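Spelled out, the chains give:
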Number of protein chains: 2
Amino acid sequence: MTTYHHGDLPAALRAATVELIGEKGTSGFSLRQVARQAGVSHAAPAHHFGDVRGLLTAVAAEGYERLADEMSSAIDGVDDAKERLRRCGQAYIRIAFEYPGHFAVMLQRDLFDTEDEALLTASVRAYEALSGTIEMVRDQLNPNLDVDQAATFCWSAVQGLVILSPNLDSVAYHQDTKFTETAELVDSFCDFMINGFANTPTTP
Amino acid sequence: MTTYHHGDLPAALRAATVELIGEKGTSGFSLRQVARQAGVSHAAPAHHFGDVRGLLTAVAAEGYERLADEMSSAIDGVDDAKERLRRCGQAYIRIAFEYPGHFAVMLQRDLFDTEDEALLTASVRAYEALSGTIEMVRDQLNPNLDVDQAATFCWSAVQGLVILSPNLDSVAYHQDTKFTETAELVDSFCDFMINGFANTPTTP
DNA sequence: TGGTCGAGTTGGCACTGTCAAGTTTGCAGT
DNA sequence: ACTGCAAACTTGACAGTGCCAACTCGACCA
């Protein structure tokens, strides 16, 4: 059961990866450094992930799973469409700020295999938490709403904000103030989106 | 005037960079390969750009300049706020698809120096084309609109879409169909945004 | 007990970014 | 016209990188 030397080397390698990338970004990351940090030789990762792309694919998949979990539980039992959308947005940036290493990978689609099965199911699960919410918006606010268009819109906006957020002008460089600033922005995004969805008759 | 060997080596290096990145992404790019493609030795780029970060900063700045130019001229003389916003969005993705190499860099903020002067003035110029448009939206549709919030919203949404667009499910892999698909999506985004801006009373 | 196989190691290869030192080129000053 | 000099570029080196092949070790099963 346990991989004999390390308790769970794949997990340790993923952890080292996100720690490194969280600090230095995806460009300042190296497979050998990850191996060093996990206390194994430089060729050990290949045995579990094939190559660096495989490792980053696993990291991205892990990130999407955490995102899907957080979004699902955030909207669980909430019936009001508007509140539900707000919670989707908040869940997204909560995970983005809690797991910056994962997100740095996820947002760079040329770094990993977007066709990977585990990754796909996780990302679809996250997307469906949103699209299910948008269906409620349609049912409660605007029967003509194109759900896929609207969901893509929400996803794009929050994703774009996460990329932008390091450049938001918080006075202090505290991670905390930057988070609350972004969280407030997401709330206002949700207001715009909800009111847009409710008042857009049909897309031609 | 002319740099003696090459007519204009810095420009040639930028061109080689965006060509490479446009094909293989930012991860499959190397300084030495760029130098090879430009027909100079591997250390030549350092003389003009210092290091790889300097080169990518120049590329990003060039991209922002093209973006600012395109956006400015797209909205020039247009008085209707809604149409003007639509043109901003269309200009953005037009440049994003025309210069994928530039955008791949611009969207990865840890690759270049975001404090660079030329880059900052260009990106501010692009942003102001948008925020000026949002001011018109405020004047024509909703006096209570928070311009900065709304502009950040627009920027995030379109930027997020550009990142997402490679994963949109065009039947064919033609760059063209993917572009028109994205362009239509941007138009519907603009509808959502305009109607959201017009119908959001105040942000608390 | 012996065999097999997964997990991890070592060493090597081609490649990378950057630095130091050299070389070539154009040009300004006298 | 000659000299000096600085900019533009080259060459060579160094540590570091991803990946591949060959090896060793340990565990489990027949």
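Not measured: the values here are computed from a predicted model.

**Student:** Run through the pattern of salt bridges, naming residues and quoting values.
**Tutor:** All names here are of chain B. In this structure the tally under the stated criterion is 16 salt bridges over all chains. Between E83 and R86 there is a salt bridge whose closest N-O contact spans 3.4 Å. One end of the pair is E83 and the other is R86, both in helix α5 (residues 81–98) and three residues apart, which spans about a single turn. Residue E83 is classed as partly exposed on the basis of its relative accessible area, which comes to 23%. Among the salt bridges present, the one from E83 reaches R87, with a minimum N-O distance of 2.8 Å. Of this pair, E83 and R87 both sit in helix α5, four residues apart, which is roughly one turn of the helix. R87 gets classed as partly exposed once you look at its relative accessible area, which sits at 33%.

**Student:** Give me the interface of chain B and chain A: which residues, what numbers.
**Tutor:** Where the parts come together, the accessible area they lose is often given as the size of the interface. Counting residues at the interface gives 35 residues for chain B and 35 residues for chain A. Broken down residue by residue, the surface that chain B buries against chain A is led by F153, L164 and F192 of chain B, which jointly contribute 22%. Our count for the chain B to chain A interface comes out at zero salt bridges. Along the contact surface separating chain B from chain A lie eight residue pairs in polar contact (both at pLDDT 80 or more). Contributing elements (two or more residues each) for the side of chain B that touches chain A: α8 (147–164) and α9 (175–198) of chain B. Sorting elements by how many residues they give to the side of chain B that touches chain A places α8 of chain B first, with twelve residues. Residues of the side of chain B that touches chain A, tallied by class, amount to 15 nonpolar, 17 polar and three charged.

**Student:** Please set out the protein's contact with DNA strand C residue by residue, giving values where relevant.
**Tutor:** Contacts to DNA strand C come from 20 residues, most closely from S41 and H48 of chain A together with L31, R32 and R36 of chain B. Within 4 Å of the protein, the contacting atoms of DNA strand C are 54% sugar and phosphate, with bases supplying the remainder. The backbone of L31 of chain B places a nitrogen or oxygen atom 2.5 Å from a phosphate oxygen of DNA strand C. Taking V52 of chain B, its main chain carries an N or O atom lying 3.1 Å from a phosphate oxygen of DNA strand C. For the surface near DNA strand C, the secondary-structure elements that each account for two or more residues are α3 (44–49) of chain A together with α2 (31–38) of chain B.

**Student:** Please give an account of the domain arrangement of chain A that cites residues and values.
**Tutor:** Residues and elements named next belong to chain A. With domains assigned, chain A is organised as domain 1 (1–50) and domain 2 (52–198). Inter-centroid distance (C-alpha atoms) of domain 1 to domain 2 is 27 Å. Counting from both sides, the interface comprises eleven residues of domain 1 and, opposite them, 13 residues of domain 2. Carbon and sulfur atoms make up 81% of the surface buried where domain 1 meets domain 2, a total of about 1,000 Å² over both sides. Taken as a group, R14, V18 and F49 account for 45% of the area that domain 1 buries against domain 2, more than any other trio of residues on that side. For the pair domain 1 and domain 2, the interface holds one residue pair in polar contact (both at pLDDT 80 or more). No other element matches helix α1 (residues 9–24), which puts six residues into the side of domain 1 that touches domain 2. The residue makeup of the side of domain 1 that touches domain 2, split by class, is seven nonpolar, three polar and one charged.

Quick notes on the rules
- Residues numbered from 1 in each chain as written.
- Chains lettered and ligands numbered in written order.
- Predicted model: local features only at pLDDT ≥ 70, side-chain atom pairs only at ≥ 80, totals over all residues.
- Heavy atoms only, no water.
- Salt bridge = Lys/Arg side-chain N within 4 Å of Asp/Glu carboxyl O.
- Helix = DSSP H or I, 4+ residues; strand = E, 2+ residues; numbered from the N terminus.
- Buried < 20%, exposed > 50% of the residue type's maximum accessible area, 1.4 Å probe, protein only.
- Contact = heavy atoms within 4.5 Å.
- Buried area = accessible area lost by both parts, 1.4 Å probe.
- Polar contact = N/O pair within 3.5 Å; in protein donor to acceptor, adjacent residues only side chain to side chain.
- Nonpolar A, V, L, I, M, F, W, Y, C, P; charged D, E, K, R; others polar.
- Near = heavy atom within 4 Å.
- Domains from an automatic or database assignment.

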